[in-house]
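Structure assessment
Single-letter residue listing:
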Amino acid sequence: MRLRVNGREFDEEPRAGQCLRTFLRGLGWFGVKKGCDAGDCGACTVHVDGEPVHSCLYPALRARDRAVTTVEGLAPADGELHRVQRGFLDAQGFQCGFCTAGFLMTTAALDDDKRADLPRAFKGNLCRCTGYRAIEDAVRGVKHTEEPAPGESVGRNLPAPAGPQVVTGTARYTFDVAVDGLLHLKILRSPHPHARIRAIDTTRALAVPGVRAVLTHHDAPERLFSTARHEHPEEDPDDTRVLDDVVRYVGQRVAAVVADSEAAAEEGCRRVEVDYEELPYVIDPEEAMRPGAPVIHPKGDEARIARPQDNVVGETHGEVGDVEAGFAQSDVLHEQTFRTQRVQHASLETHGAVAWFEGDFDAPDGRLVVRSSTQTPFLTRRALCTLYDLPQEKVRVVAGRVGGGFGGKQEMLVEDIVVLAALRTRRPVKLEYTRPEQFFGATTRHPFTIEVKAGASRDGLLKSMRMRIVSNTGAYGNHGPAVLFHGCGESFAVYRCPNKKVDGYAVYTNTVPAGAFRGYGLGQVVFAVESVMDELARRLDLDPMEFRRRNIIAADEEMIAPGGVEEDLHIGSYGLDTCVEVVRRAIAEPDHGEAPPDGWLVGQGAALSMIATGPPGGHIADARVVLQPDGGYELSVGTAEFGNGTTTVHRQIAAGELGTTVDRVTIRQSDTDVVRHDTGAFGSTGTVVAGKATLRASQALAALVLDFAAQHLGVARESCAMAEDAVVCAGRRVPLKELYEAARTADRELAADGHFGGTPRSVAFNAQWFRVAVDPASGEIRILRSVHAADAGQVMNPMQCRGQVEGGVAQALGATLFEEVVVDERGAVTTAAFRRYHLPTYADTPRTEVHFTPTRDAIGPLGAKSMSESPFNPVAPALANALRDATGVRFTRLPLTRDRVWLGLRDHGVAREA
Amino acid sequence: MDFLRPASWEEALAAKAEHPTAVPIAGGTDVMVEINFDHRRPDVLLDLNRIGELHDWEVGEDTVRLGASVSYTRIIENLRSVLPGLATASHTVASPQIRNRGGVGGNLGCASPAGDAHPALLASGCEVEVASVRGTRMIPIDEFYVGVKRNALAPDELIRAIHLPRADGPQQFSKVGTRNAMVIAVCAFGIALHPSTRTVRTGIGSAAPTPIRAKAAEEFLAAALEEGGFWDNGKIIPPAVARQFAELVSGAANPIDDVRGSASYRRHALGVMARRTLGWTWDEYRGNERSARCA
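Parameters and conventions
Residues numbered from 1 in each chain as written. Chains lettered and ligands numbered in written order. Predicted model: local features only at pLDDT ≥ 70, side-chain atom pairs only at ≥ 80, totals over all residues. Heavy atoms only, no water. UniProt positions renumbered as here; feature names shortened; annotations may be inferred. Helix = DSSP H or I, 4+ residues; strand = E, 2+ residues; numbered from the N terminus. Rg over C-alpha atoms; globule rule 2.2 N^0.38 Å. Buried < 20%, exposed > 50% of the residue type's maximum accessible area, 1.4 Å probe, protein only. Contact = heavy atoms within 4.5 Å. Lys, Arg positive; Asp, Glu negative; His and termini not counted. Charge placed at Lys NZ, Arg CZ, Asp CG, Glu CD. Pairing = 2+ DSSP bridges. Phe/Tyr/Trp six-rings, centres within 6.5 Å; stacked < 30°, edge-to-face > 60°. Lys NZ or Arg CZ within 6 Å of the ring centre and 35° of its normal. Core = buried A, V, L, I, M, F, W, Y, C linked by side-chain atoms within 4.5 Å. pLDDT = per-residue confidence, 0-100. Arc of directions from axis to C-beta.

Within an unreviewed UniProt entry, the label attached to chain B reads FAD binding domain-containing protein, and the organism entered is Streptantibioticus parmotrematis.

The name an unreviewed UniProt entry assigns to chain A is Molybdopterin-dependent oxidoreductase, from the organism Streptantibioticus parmotrematis. According to its UniProt record, chain A has this under Sequence similarities (unreviewed entry): "Belongs to the xanthine dehydrogenase family."

Below, the structure written as structure tokens:
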């Protein structure tokens, strides 16, 4: 079949039923992205004869004799960018960039009418990172980026280094590599919620042409591990095998088929014959804790499960003061139960990995390379080496550009099986999750049930807070205990209250495992706490913000959780009062924002939250900066970039300390080869931990270069200063190139290392406020105004940090209003597609006004704090509080879907007919 | 899997006769998803894309003949004045990329109760032209949907065109989803006033195993309009009549609980949409009547 792609003629035959997207990627057009396979996400949008289509829905055979344009062909041939590409660079209309090619292709085809109606024009393109404001600005030609200036980097809106690659479709994501001799791996998954595998017959699968290997529990190591990745593996239970002879949820791995093509591997999966002995199962965590419930992990102490016989993987019990006495002293009490749902990260790049060998693996210098969509390359290497008894120097783990993570890739969900297959076949192997697999074969947010009782005195002071929390960790305990513990920390500690108590349980059930997800348990507990604060204020007839103002901790107070005080946690800077003020100012502006439709109920509400700027127990980053022959610098950091913008910030920090401009700093990252160690991109550490290591390395190199220059010229060190491309010594300019040469001649390398162990830690603050209108006839909620206050300390890049906040609010609005991974009575996921699991689109996402507080942190690098997970946390309670204000009804269960809202209004007599 | 690409309608019918299990693929917006997700592995795909006439439409004196593959985008751009109900529904179909590819024939072929075109088709009172090597027949839309995702086509038949009466009065479409954009409808409602016959027709989507009409509601409303002389006097419809109409629409539904919404909410939402769309269409009718009288 002949067709023209980006002006080039091709003559290739697609398979019948093959979609154009797969065909184009096979031809090497990796700018065309695979996000959903169903025409929902738009990442694969291309033009066919000038018309934008979802190439995943377009049969490749139909492209015969047609002209296809992908993002790689969007720019005119003169080397200039297309105006739409320019716009996305100027506004930095992307974060991870995985959706960007699709947005560019859609935008390029818009006429003026369609551009005026973006909610409709963008119905077929999803972005999970940005919250869409930056994309809208890109379309409208708003420029946000500033020009670099020597030594002036921090606090400025400098663009992401990968921007030019992102907008031309040349950024290389995990699967954008062509590997010779690649085999494809597909997973056969359990149809049962709990079963023992009596026998597996792989004969028929192995007979499928192209199938190279079928792996079952007989091939897997006996060793137990956790898919969760933490610096200290003992934070998670060792309850998982690569392939197990017991399956514990519908969707668990049963076998892996490795074949020449995905189709052959899939056919192999269909032909594996498994004899299951079905076992009793339990999907409700309260039932799972009752005596007589099926025991999901009958394992010994070595698995580090708190109480295996009760299905409790982790628990926490703490009390400060005496909560019962506190209730007795209270004038008002409020008691309620809150429930949060399973939510999927829905990063547009799915999980997956490609493994290949460098050299002969059995030779001393032979290595295994694993290219993975991961937030934790170093910890994944460590886990792989432990699992397969490999020395670390034999394994290299590297992340390409990662298409979104949100915590979902702080797991080893695929690399273990890919490596097993590669070691077995001694061939390169790839596994790329499909979108449905993301829903039933990856992880979700932990659903929490939170019973709260709280009391306050007539003068508006909190007296007592008690919670019982049950977290459903699913069939495996990855992140289960840690998410529970984190959820019970800052949520309590932000309030001054003499009596606090928590009983928390992370519980196994026969459902898809939960895992790490932006906010790490705090979002769930903050939903309950902030809802209850609102109710207490109402009972006291106090403005809820005034009630909060009286009870939040002050800058010099201890942060006390029911479990006590965390020794290394400090208020390194305090912007919480300013956050509260931002909300109060917004409340005082009733005319701002959209007007409500006639007959709708209107209300406003707010919530606040606090988060530690890093996980407890240490978080390690190494960085190295090296002066290059051309007088530029090379910065190496281990942490992964998945759209969070850390690369931009690291380069700014280095350029600032070295007195140069960011374009003179190149970056190597996300690769176990580039530095000694890095714990990874999680726990809000990209700026404060890896950034601090970068700062230290850059400071050390600046000192070294100045010393060397002074010595080289024989002048006083004090007379020397770093400049853009030189050192200026007593009025004389010595180019860095020359210094590099001089150092090389003297057999010296001008390089320096920086290290940070992630402790002590500070805290960041957020507050969210909404005014909403509610249609009493349909339950529809419209957000009239959204205001977010964020205390990120010194904001390193306001444009980018604002994007983090906007994206966090948008993601949280999805989880607040409609996102839910639903499981049936056997625990099987029934929402395994974007058509059934709705992400916020452009049309769903209001513009959020973001206000930063003018603080400078005493602990973070250059006064910075983290601002990545935290914007998520106050959103759901702020919306629920606004809904309460509008309707008088307290909603306690997420998400607040239209039908639930309407049913709630009906039950309280608030609903109206049309 | 074979991918047949007939160049003419006759070739397509011959292919379908030879391979009755062949899955016709027009826009591909449903079939490709099923193939990508491995929900369906047909032996033969029958690509209708090269058959030019399926992309054509013809506006006659009384009816519009709409080729089965005319995309929603074309319907919106070209047929708004003669098929306002279908054009409004087309506007809410998925995304621009999908509206560029998908057409009414695909919606009818899948016969999913959630298809956006069905309420408007039911309200219009159209006929579906289907053909096989044995000949051509017209299926009234009321007889087209026979079960969950099943239609009245014989295995060897293909959908060629839809014959829709040109709108003789205002038409509306409304749907409720769980979010603003790109929804598969929680439920949807279409209404068409037919002043020339003094009748009202309706269509309900996603609230029963098949798309259905609310016949009792139609009959009630037609009688109430007749009785009050509303067609002639153009007065506002009394709230009690609108309420009764809405209740009858709700009552016609037989929704199930699923991830997109609870049954009781669907029933309620249908009532709300019925009242609102009736209000909109009637306002438009009164406005037209007034301006007609003025002229």
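**Considerations on the overall build of chain A**
When its secondary structure is counted, chain A shows 25 helices and 31 strands. Relative to its length of 914 residues, chain A is compact, with a C-alpha radius of gyration of 28 Å against a globular reference of 29 Å. When its C-alpha atoms are laid out on the principal axes, chain A stretches across 80 × 75 × 65 Å. Within chain A, buried positions represent 68% of all 914 residues. In chain A, of all internal contacts separated by at least 6 residues, the share reaching a separation of at least 24 is 78%. When the 103 positive and 123 negative side-chain charges of chain A are each reduced to one mean point, those points stand 2 Å apart.

**Observations regarding the pairing of strand β29 (residues 763-774) of chain A**
One face of the sheet, then the other: side chains in a regular strand alternate in exactly this way. Residue and element names in this part refer to chain A. β29 sits mainly inside the fold: twelve of its twelve residues count as buried. Covered by surrounding structure in β29 are V763, F765, A767, W769, R771 and A773 together with A764, N766, Q768, F770, V772 and V774, the residues of both alternating faces. In this sheet, β29 lies alongside strand β21 (residues 601-612) in antiparallel orientation, the contact comprising twelve bridges. Residue A612 lies in a different strand from β29, and its bridge partner there is V763. In this sheet, strand β30 (residues 781-791) lies alongside β29 in antiparallel orientation, the contact comprising ten bridges. Looking at β30, one finds that A773 is bridged to R782. The antiparallel pairing of β29 with β30 creates a hairpin that spans six residues between the two strands, and G779 there sits at a positive phi of about 80°.

**Let's talk about the packing of aromatic side chains**
Geometry of an aromatic ring pair is reported as the spacing of the ring centres plus the angle between the planes. Tallied over the entire structure, the rule returns 19 aromatic pairs over all chains. On the basis of an interplanar angle of 45° and a centroid distance of 6.3 Å, the ring pair of F517(A) and F872(A) is categorised as tilted. Of this pair, F517(A) sits in the loop between β20 (499-508) and α17 (522-539) while F872(A) sits in the loop between β31 (848-852) and α24 (875-887), placing them 355 residues apart in sequence. Summarising the aromatic geometry, the rings of F144(B) and Y145(B) are spaced 5.6 Å apart at their centres and angled 90° between planes, so their arrangement reads as edge-to-face. Pair check on accessibility: F144(B) and Y145(B) agree, each one buried. Members of the aromatic cluster, each reached through a chain of ring pairs, are F103(A), F122(A), Y132(A) and Y842(A). Lying over the aromatic face of F327(A), K453(A) brings its terminal NZ or CZ to 4.4 Å of the ring centre. The residue whose ring lies beneath K692(A) is F756(A), and the NZ or CZ to ring-centre distance is 5.0 Å.

**Some thoughts on the nonpolar core**
Nonpolar side chains tend to gather and get buried jointly when the protein is soluble and globular. One finds M467(A), L86(B), V104(B), L108(B) and L121(B) to be the most contacted residues of the largest nonpolar core, which totals 240 residues. Broken down by element, this core gets its largest block of residues, ten residues, from α17(A). Counting 39 residues, the second largest nonpolar core, distinct from the first, contains L183(A), V258(A), V395(A) and L413(A).

**With respect to the confidence of the model for chain B**
Here chain B shows a mean pLDDT of 92. Residues at 70 or above account for 95%. The ipTM, which scores confidence in the relative placement of chains, is 0.92 for this predicted complex, and the corresponding pTM is 0.96.

**Some remarks on helix α1 (residues 9-18) of chain B**
Residues and elements named next belong to chain B. Among the residues of α1, W9, A12, L13, A15 and K16 are the ones counted as buried. Each buried residue of α1 lies within a common arc of 160° when the element is viewed along its axis, so the set occupies one face. Among the exposed residues of α1, those oriented more than 90 degrees off its buried face are E10 and E18. For α1, the elements touching its buried residues are β1 (2-4), β2 (23-25), β3 (44-47), β6 (127-132) and β10 (158-165).

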